[in-house]
2 protein chains.
Amino acid sequence: MTSMMKIFKTIMIAVALVMGTCLQCAALPGDAITMTSPNGNLVMTFALADGVPTYSLDYCGQAVILPSRLGFELKGRQQLTGGFVLVGQEKSTFDETWEPVWGEEASIRNHYNELLVKLQQPASRDGEKPAAMHVRFRVYDDGMGFRYEFPMENALTYFMIKEELTQFALTGDHIAWWIPGDYSTQEFRPTRSRLSQVRELTPKARTGCGWPNTAFSPTGVQTALQMKTDQGLYINIHEAAVLDYPTTNLDLDDKNFVLRTWLTPDAEGVKGRMQAPCKTPWRTVMVCRSATDVLASRLILNLNEPCAIKDVSWIHPTKYMGVWWEMISGKSQWSYTNDYPSVQLGKTDYARSTPHGKHGANNENVRRYIDFAAENGFDALLIEGWNEGWEDWYGKQKDFVFDFITPYPDFDLPALNAYAHQKGIRLIMHHESSSSTVNYERWMEKAYNLMNQYGYDAVKSGYVGKIIPYGEYHYSQPLINHYHYAITEAAKHHIMVNAHEAVRPTGLCRTWPNMIGNESAMGNEFRAGIDPGQTAVYPFTRLQGGPMDFTPGIFEMDLEKVSGWADKMRHTICNQLGLYVTFYSPLQMAADLPENYARFMDAFQFIKDVAVDWDKSIYLMAEPGEYMVTARHPKLSTVNKAAEGVAKLPDGKKDVVNSVTKFIYALPDNATAADLNGAKARDVWYVGGINDDHAREVSFKLDFLKPGVKYEAAIYADAKDADYETNPQAYTITRKKVTAKTVMKLRMARAGGFGITIREL
Amino acid sequence: MTSMMKIFKTIMIAVALVMGTCLQCAALPGDAITMTSPNGNLVMTFALADGVPTYSLDYCGQAVILPSRLGFELKGRQQLTGGFVLVGQEKSTFDETWEPVWGEEASIRNHYNELLVKLQQPASRDGEKPAAMHVRFRVYDDGMGFRYEFPMENALTYFMIKEELTQFALTGDHIAWWIPGDYSTQEFRPTRSRLSQVRELTPKARTGCGWPNTAFSPTGVQTALQMKTDQGLYINIHEAAVLDYPTTNLDLDDKNFVLRTWLTPDAEGVKGRMQAPCKTPWRTVMVCRSATDVLASRLILNLNEPCAIKDVSWIHPTKYMGVWWEMISGKSQWSYTNDYPSVQLGKTDYARSTPHGKHGANNENVRRYIDFAAENGFDALLIEGWNEGWEDWYGKQKDFVFDFITPYPDFDLPALNAYAHQKGIRLIMHHESSSSTVNYERWMEKAYNLMNQYGYDAVKSGYVGKIIPYGEYHYSQPLINHYHYAITEAAKHHIMVNAHEAVRPTGLCRTWPNMIGNESAMGNEFRAGIDPGQTAVYPFTRLQGGPMDFTPGIFEMDLEKVSGWADKMRHTICNQLGLYVTFYSPLQMAADLPENYARFMDAFQFIKDVAVDWDKSIYLMAEPGEYMVTARHPKLSTVNKAAEGVAKLPDGKKDVVNSVTKFIYALPDNATAADLNGAKARDVWYVGGINDDHAREVSFKLDFLKPGVKYEAAIYADAKDADYETNPQAYTITRKKVTAKTVMKLRMARAGGFGITIREL
């Protein structure tokens, strides 16, 4: 911050004080322009300081972002660092309510004041066009977003970004929940610290990451960055609608507490290849008085474009199981044979090779999972390791690693789909690209066609390892474009996509609701790597951009019992149940093995009963990294659609009702579709809680229930002696009558939690 | 060369002298192994010098390649530079005759002696596999090839090449015809000089290249490198069957005259990503007593794999015209509008934009070309600039530059195809990728499908500009794989491919005969940039790997008359005629505008009459860069297939006979398919000559004609006063009776030439 800017800021605050806090300011002398949020609490100011564009943000008279620089360093002569003049400004207000295809609530209000600032650098020669850069600000009650726009009439037509120079000048040494900056992975454990401690704690924070990581700075952190001021304000810096542009990290100046966008470069070091007219993603600053307000914010979704898919009837929230954890836990393997030092697709003759006998995706085992998933009313089953090539799929930077269409000899794809459909189960396809996106794109159309042919309507894709094209990173512009290509091509085939190891989402699921899941953080697959408390960070950071396929539901924490591996997972059974409510996802997995659920069928009932799509969500209690308690009300149209979906399954059994439908309609376990005729849906709520490694008591009112209506609650809670280290499988299940007046008091064990189903009597 | 190696070489020569020249040597003491060519003239020796593998080559007792190192520097610990022991050797002989789908002769003999040398580096630790590297040598009468092979049983499974260290230690400061080494373009004028002059002449040799070039060494040159020793031996160093491996340059040590392979790196600097079992391309050394023997060599084709396409009935040599030269010459444009500073596919509304009026690929103009091509018995018409996106197609590194399926508003693709087919003409598709291969691959299947839908069976593809994926080069392994992918995918669609700006071919057309053309050198499109004499280098270098779409036939050399541009091309009309015989290609263009041919219809008759596929070729006279005289005999089955092909054209006119068929069957201009019934093909020969910038007289016997048979020759020769600078359009056409005893005497003007048709009476 220049001293001139400091002086300017002082004047601004003085002016704001004179005019009273939270009042809308008219344009100030010079080039300063202010704009408030609809409720007046947030005030943003744009100003040109000696030709350098800056912005700042106040919350109720309290500075949140000090004057911060805007601009770019470009490749070549033209620089967008200063020398700007203001040539126009437009203010407007927007207020609409829109309905997501799926989500945490049935409708979302998108209400903001907008300011478009038009800047130009005067042309240096006669007859030349000036370089034009616009900045569009949107101020909401819970934060702001701004993006750069480059209009068509411009000295800049095609240009390359060397650095984006957007700053977020903070007001102090806030507490932050952060993961280290990186170009290729976000699979780090979140750290809670003061910003001033980031440098010191980064080496430790980088440990435990399974992939070759690409650090760029000793104080780099990733978006979304959740912070908390000493005044108790929750500030979250993120980005929205990242398309045709690299994902950013934030580089921290830990002396001045200024964050700067640090874009992911491409293989030639370019940080954005632009063609006017074009725009950048939104840079966002969320400002909330409480942690639960952060969870309730829809800022990121609102800054994305409306749904681009006309017919969304084929998109449906899904609860699934998978032939997956047995590979992750070491019990079985993705691969088929140990015969060869390496395999070559189309050349290696699997039919003539010796099976090593540990291949998980074999016909018999898959049928066993189909049977269990069907018996327990699930919608779908994921099977990994079904296709040729897993013998040396990772770490080789192998180009042609999979073809995505050729099953192993012991995986009878047509027969297994037919078997599943007869039982009302859809199989979920798996496409592990091994980050060879060149190869994945070559096969994508054939792979999607195969899915259409056999009735798969969802795919889990994966991006493990270093990227091919060589030299690219997971978060560089070409890869952002690849992920988007995979989504849009899938939409043409009516396929839902759940991409793992892809870039963290930035609200694009509003526009492309077939993007039903992402991993993009350390999920349960990291086994013992998930710290207690870690999951209570994600809803503030990772989940702000879209749902996470966290793969909860692991009931057997001691992997020695599963596979002989020494890993011990750090949670209780009830913690896992709580995740189904606290972590929103339209795609929820019951990740453990059928045999492990069979030992705890009463607790498993919660997973069967819990819905996956909501018309209302209430964030009862939360603190990042500590605990969360959330209540949700299911969206009945989705429940009904799921029942209908079964009937639409190709050659599928027509009398199947999934477990959520049974619960909501209070049907018996052996109910069939015929029983739905005339059945009445009950009013149902679910409450979930998760906890860090400090046992705690929580109490909350059920005042969200309908007044005067009687409900029955089934409370799945940690047993008194439950503890993630000493007794993780101890739980109690209590049924009791509740009303809107009930106050619920519960104890969460260390790394514990709870799940509650509440159904109208 | 180490002094030890020099001593070893001396011993070797001594041994050879003792045993007599050109005799097959048994294995020598130590690890030296020799092998001769079938006729005994060439002797190659393999030896391990202190664990370093070396080879050398003698021709009739005369050293051609002195002991030269073999091996690799790898990324990581394992190095393949020395420490080898010989663990096995296999010798064999091979002799077969194969028939190319198209080519310079109907059958080709593939006759060689083979030596497989099995080398190992002993395992450093107990239980480890040893690193295994095999070298396979094939010695022909006209040269040798060798490649590295890595068997499956190997300490090396996946490995990365840092440098290939293959040397070619020459015996002196030979004369060479070379172009500068480069990773991305071969569009340089060839230079003739001593090897010792390469360093001094390289800066000049690099001028005139239109693309951003990527030099790597002040003495780098490209394959094929044609040399001539002071003893008159012609030595050509090249490579064959470059697949899944980068193309090599040759780095010259100009003190010791040692060439070394210098592979093209990928975006991460890796020069080859290998998975055992695998093999490198062949490295070749051709050794001939005369320049015409170089032209007659089939070494490169023989070292490629047999045809991989089972049904080749859809592959047919083609003579074509194009809506092309008018854009190259500046008369019209590829683009459609000047309305926008830049365009965006799918967003720019061309239908509502203002045409700039110079768009060449408009319906009316294309119909005019179709009419002219049909009237003159051509097979096909290329149209460039037919599809949206040309307004800013080049130089922007724009990813989504074309979709390859959306025509401009004034190009009615279905109607123009229907019109062409009714006249017996096929349209040739054009796919300019602008080197965005990521984008091209995304659209390739749709683009090929569109071609199939409308009856296109050939595509000219282009790779102008810097490559996307970013950081890749035209000749790096990922791009080699892309070109191959484009060819093999095209084959599935029965599409022939003629790729421009792609890598120089290395004989792959034997395996994939739908690869009917490549540019990969400075073609006629460089207008005034083609030096007299330059074309007489290409058959020794560029054409060794496969045919070139040189686009000959420019009759109007003064472009001021065409477009107002000041360029003057440097050749006579008869020089252009000579190219149709001296430059073999199954795809021959008559590149000039219809209106220019209309002014010289008598000379144009030669282009109409000349065939494009041969059962016999005789190289009568040649010296690289100076002159060439070639006689060729057409393959009648191809001629008949062409006539048949017309009938197979979708919805095509059934009574069309192409001009070559008319000439060979001596049918009148207005002949129809019906006239072919009962018509007898005449014995026909064509002779062509091309010349550098020294006028010269040539004389040659027609002793290749059938003895005792009378023929009529039509001789298209430079007029007495013809000269490329002062009188380039002056020619004479003389008809006379000839027999096998005739001696032909002709004068070729400066940058002149001639064409002769000889038809049995």
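Throughout this document, residue positions are counted from 1 along each chain, in the order its sequence is written. Chains carry letters from A onward and ligands carry numbers from 1 onward, assigned in written order. Restriction of local features to residues with pLDDT of at least 70 applies here, the model being predicted, together with a cutoff of 80 or more for giving and counting side-chain atom pairs; totals for whole chains, interfaces and linings are based on all residues. The side-chain values count all of the structure's non-hydrogen atoms but skip hydrogen atoms and water molecules.

What follows covers the overall build of chain A. Per the convention used, a helix needs a DSSP run of H or I reaching at least four residues, while a strand needs a run of E reaching at least two, with both numbered from the N terminus. Within chain A, the regular secondary structure consists of 15 helices and 36 strands. In terms of overall size, chain A behaves like a compact globule, its C-alpha atoms giving a radius of gyration of 26 Å where 761 residues would be expected to give roughly 27 Å. Its C-alpha atoms give chain A principal-axis dimensions of roughly 75 × 70 × 50 Å. Burial classification: accessible surface area is computed with a 1.4 Å probe over protein chains only, and a residue below 20% of its type maximum counts as buried, one above 50% as exposed, and the rest as partly exposed. With 761 residues in all, chain A has 67% of them scored as buried. Partitioning the contacts of chain A with sequence separation of at least 6, the portion at a separation of at least 24 is 73%. Per-residue and other accessible areas were derived by the Shrake-Rupley procedure at a 1.4 Å probe size, with only the shown protein chains allowed to occlude residues. Accessible area of chain A: about 25,600 Å², with a carbon and sulfur share of 50%. In this count, Lys and Arg are taken as positive residues and Asp and Glu as negative ones, while His and the chain termini are left out. Charge positions come from single atoms, namely NZ of Lys, CZ of Arg, CG of Asp or CD of Glu. When the 78 basic and 88 acidic side-chain charges of chain A are each reduced to a single mean position, those positions are 3 Å apart. With the radius of gyration taken over C-alpha atoms, the globule rule is written as 2.2 Å times the number of residues to the power 0.38. Contacts are residue-level and defined by heavy atoms, with any inter-residue pair within 4.5 Å sufficient.

To continue, consider the state of the cysteines. When two cysteine sulfur atoms lie within 2.5 Å, the pair is treated as a disulfide. If you walk through the whole model with that rule in mind, you get zero disulfides over all chains. Left without a disulfide partner, Cys-288 of chain B is nearest to the cysteine sulfur of Cys-60 of chain B, which lies 12 Å away.

For the rest of this paragraph, the subject is the environment of Pro-513 of chain A. Residue and element names in this part refer to chain A. Secondary-structure assignment places Pro-513 in the loop between strand 26 (496-500) and strand 27 (515-518). Expressed as a C-alpha distance, the spacing of Pro-513 and Glu-375, which sit 138 residues apart in the sequence, is 29 Å. Not counting residues up to four positions away in its chain, the partners in contact with Pro-513 are Val-101, Trp-102, Cys-307, Ile-309, Val-312 and Ile-315.

Here we take up the packing of aromatic side chains. Ring pairs shown here join Phe, Tyr and Trp side chains whose ring centres sit within 6.5 Å, with only the six-membered ring taken for Trp; geometry is labelled stacked below 30 degrees between planes, edge-to-face above 60, and tilted in between. Counted according to the given criterion, the structure contains 89 aromatic pairs over all chains. Pairing Tyr-597 of chain B with Phe-604 of chain B gives two aromatic rings, centres 4.2 Å apart and planes at 25°, and the pair type is stacked. In this structure, Tyr-597 of chain B and Phe-604 of chain B share a single accessibility class: buried. Through a chain of ring-to-ring contacts, the aromatic side chains of Trp-334, Trp-390, Trp-393, Tyr-394, Phe-402, Phe-404, Tyr-440, Tyr-463 and Tyr-483 of chain A assemble into a single cluster. Geometrically, a lysine NZ or arginine CZ counts as sitting over a ring once it is within 6 Å of the ring centre and also within 35 degrees of the ring normal. Cation over ring: Arg-504 of chain A sits above Tyr-475 of chain A, and NZ or CZ is 5.2 Å from the ring centre.

Residues and elements named next belong to chain B. We call two strands paired when DSSP finds no fewer than two bridges between them. Pairing is parallel in the open sheet, where seven strands are placed in the order 27-26-25-24-23-22-28. Pairing within the sheet leaves two strands with one partner each, and these edge strands are strand 27 (515-518) and strand 28 (587-589). Across the sheet, the mean angle separating the axes of adjacent strands is 25° when strand polarity is ignored. Examined bridge by bridge, strand 22 (residues 318-323) and strand 23 (residues 380-383) share four bridges and lie parallel to one another. Looking at strand 23, one finds that Gly-322 is bridged to Leu-382. Axis definition: a line fit to C-alpha positions, over the contact stretch in the case of helices; interaxial angles, taken between N-to-C directions, run 0 to 180 degrees.

All names here are of chain A. Turning to its location among the elements, Gly-424 is positioned in the loop between helix 7 (413-422) and strand 24 (426-432). On the basis of relative accessible area, Gly-424 is assigned to the buried category, the value being 3%. When the C-alpha positions of Gly-424 and Asn-658 are compared, they lie 8.5 Å apart, and in sequence the two are 234 residues distant.

Here we take up the interface of chain B and chain A. Listed as interface residues are 35 residues of chain B and, on the opposing side, 36 residues of chain A. Defined here as a combined quantity, buried area equals the accessible surface (1.4 Å probe) lost by two parts on assembly, summed across both. For the chain B and chain A pair, buried surface summed over both sides reaches about 3,000 Å², with 52% attributable to carbon and sulfur atoms. For the chain B face of the interface with chain A, the top three residues by lost area are Tyr-158, Arg-442 and Tyr-470 of chain B, together amounting to 24%. Each reported salt bridge corresponds to a side-chain nitrogen of Lys or Arg within 4 Å of a carboxyl oxygen of Asp or Glu. Linking chain B to chain A there are four salt bridges. A salt bridge links Glu-268 of chain B to Lys-466 of chain A, with the shortest nitrogen-to-oxygen separation between them at 3.0 Å. Counting residues per element, the ones that place at least two in the side of chain B that touches chain A are strand 10 (158-164), strand 19 (273-275), helix 8 (437-454) and helix 9 (477-492) of chain B. Tallying contributions element by element places helix 9 of chain B first for the side of chain B that touches chain A, with five residues. Each residue gets one of three labels, nonpolar for Ala, Val, Leu, Ile, Met, Phe, Trp, Tyr, Cys and Pro, charged for Asp, Glu, Lys and Arg, and polar for the others, Gly among them. In the side of chain B that touches chain A, the residues fall into 13 nonpolar, eight polar and 14 charged.

Moving on, we come to the relation of the copies chain B and chain A. Both copies of the chain are placed relative to one another by a rotation about an axis and a shift along it. Of the transformation superimposing chain B on chain A, the axial component is 0.0 Å and the angular component is 180°, with the fit at an RMSD of 0.0 Å. Here the two chains are linked by the operation of a two-fold rotation axis. By C-alpha distance to the rotation axis, the residue of chain B lying nearest is Pro-469 of chain B, at 3.0 Å. Taken together, the interface assignments show that 100% of the residues at the interface of chain B recur at the interface of chain A, consistent with an identical surface on both copies. Copy-to-copy alignment: least squares on C-alpha atoms, limited to residues at pLDDT 70 or above in both.

A few words now on the pattern of salt bridges. Residues and elements named next belong to chain B. In this structure the tally under the stated criterion is 84 salt bridges over all chains. Between Lys-162 and Glu-73 there is a salt bridge, with the nearest N and O atoms lying 3.5 Å from each other. In this pair, Lys-162 sits in strand 10 while Glu-73 sits in strand 5 (residues 72-74), placing the two residues 89 residues apart along the sequence. A relative accessible area of 29% means that Glu-73 is categorised as partly exposed. In this structure, Glu-384 engages Lys-460 in a salt bridge whose closest nitrogen and oxygen atoms are separated by 2.7 Å.

Turning our attention to the pairing of strand 22 (residues 318-323) of chain A. Residue and element names in this part refer to chain A. Where burial is concerned, most of strand 22 is hidden: six out of the six residues are buried. Of the two faces of strand 22, both are covered, the one formed by Thr-318, Tyr-320 and Gly-322 as well as the one formed by Lys-319, Met-321 and Val-323. One ladder, built from three bridges, connects strand 22 with strand 28 (residues 587-589); its direction is parallel. Within strand 28, the position partnered with Lys-319 by the bridge is Gln-588.

In this section: empty space enclosed by the protein. Here a cavity is any set of points on a 1 Å grid over the protein atoms alone where a 1.4 Å probe fits but cannot get out, and a pocket is any open set with protein on both sides within 12 Å along at least 5 of 7 lines; a residue lines the site when it has an atom within 4 Å of a point. Grid points are joined across faces, edges and corners, and a volume is the space filled by probe spheres set on the points. By the definition in use, this model includes 15 cavities of 30 Å³ or more. The computed volume of the largest cavity comes to approximately 320 Å³. Along the walls of the largest cavity sit 26 residues, with Val-438 and Pro-469 of chain A together with Thr-437, Val-438 and Pro-469 of chain B positioned nearest its centre. Listing elements by their share of the lining of the largest cavity, those giving two or more residues are helix 8 (437-454) and helix 9 (477-492) of chain A together with helix 8 and helix 9 of chain B.

Residues and elements named next belong to chain A. Pairing within the open sheet is antiparallel, and its three strands lie in the order 5-10-19. Strand pairing shows two members of the sheet lacking a second neighbour, strand 5 (72-74) and strand 19 (273-275), which therefore form its edges. Each adjacent strand pair in this sheet contributes to an overall mean axis angle of 50°, direction not counted. Sheet topology places strand 5 next to strand 10 (residues 158-164); three bridges connect them, and they run antiparallel. In the strand pairing of strand 10, Leu-74 is matched with Ile-161.

Residues and elements named next belong to chain A. Helix 13 (residues 601-609) packs onto helix 11 (residues 573-582) with a crossing angle of 10° between their chain directions and a minimal axis gap of 10 Å. Compared by their axis directions, helix 11 and helix 13 come out roughly parallel. Residues Ile-573, Leu-577, Tyr-580 and Val-581 of helix 11 pack against Ala-603, Phe-606 and Ile-607 of helix 13. For the contact of helix 11 with helix 13, the class distribution of residues is seven nonpolar, no polar and no charged. Put simply, angles under 35 degrees are roughly parallel, angles over 145 are roughly antiparallel, angles from 65 to 115 are roughly perpendicular, and the rest are oblique.

A few words now on the environment of Tyr-454 of chain B. Looking at the secondary structure, you find Tyr-454 of chain B in helix 8. With 37 residues separating them in the primary sequence, Tyr-454 of chain B and Asn-417 of chain B have C-alpha atoms 6.7 Å apart.

Here we take up helix 6 (residues 363-375) of chain B. Residues and elements named next belong to chain B. Helix span is expected to be 1.5 Å times the residue number reduced by one. With 13 residues, helix 6 extends 18 Å from end C-alpha to end C-alpha; this agrees with the ideal 18 Å at 1.5 Å per step. Turning to helix 6, its buried residues are Asn-365, Val-366, Tyr-369, Ile-370, Phe-372, Ala-373 and Ala-374. The first or second residue beyond helix 6 is Gly-377, which carries a positive phi of 75°.

Relative to the helices and strands, His-482 of chain A resides in helix 9. The exposure class assigned to His-482 of chain A is buried, which follows from its relative accessible area of 1%.

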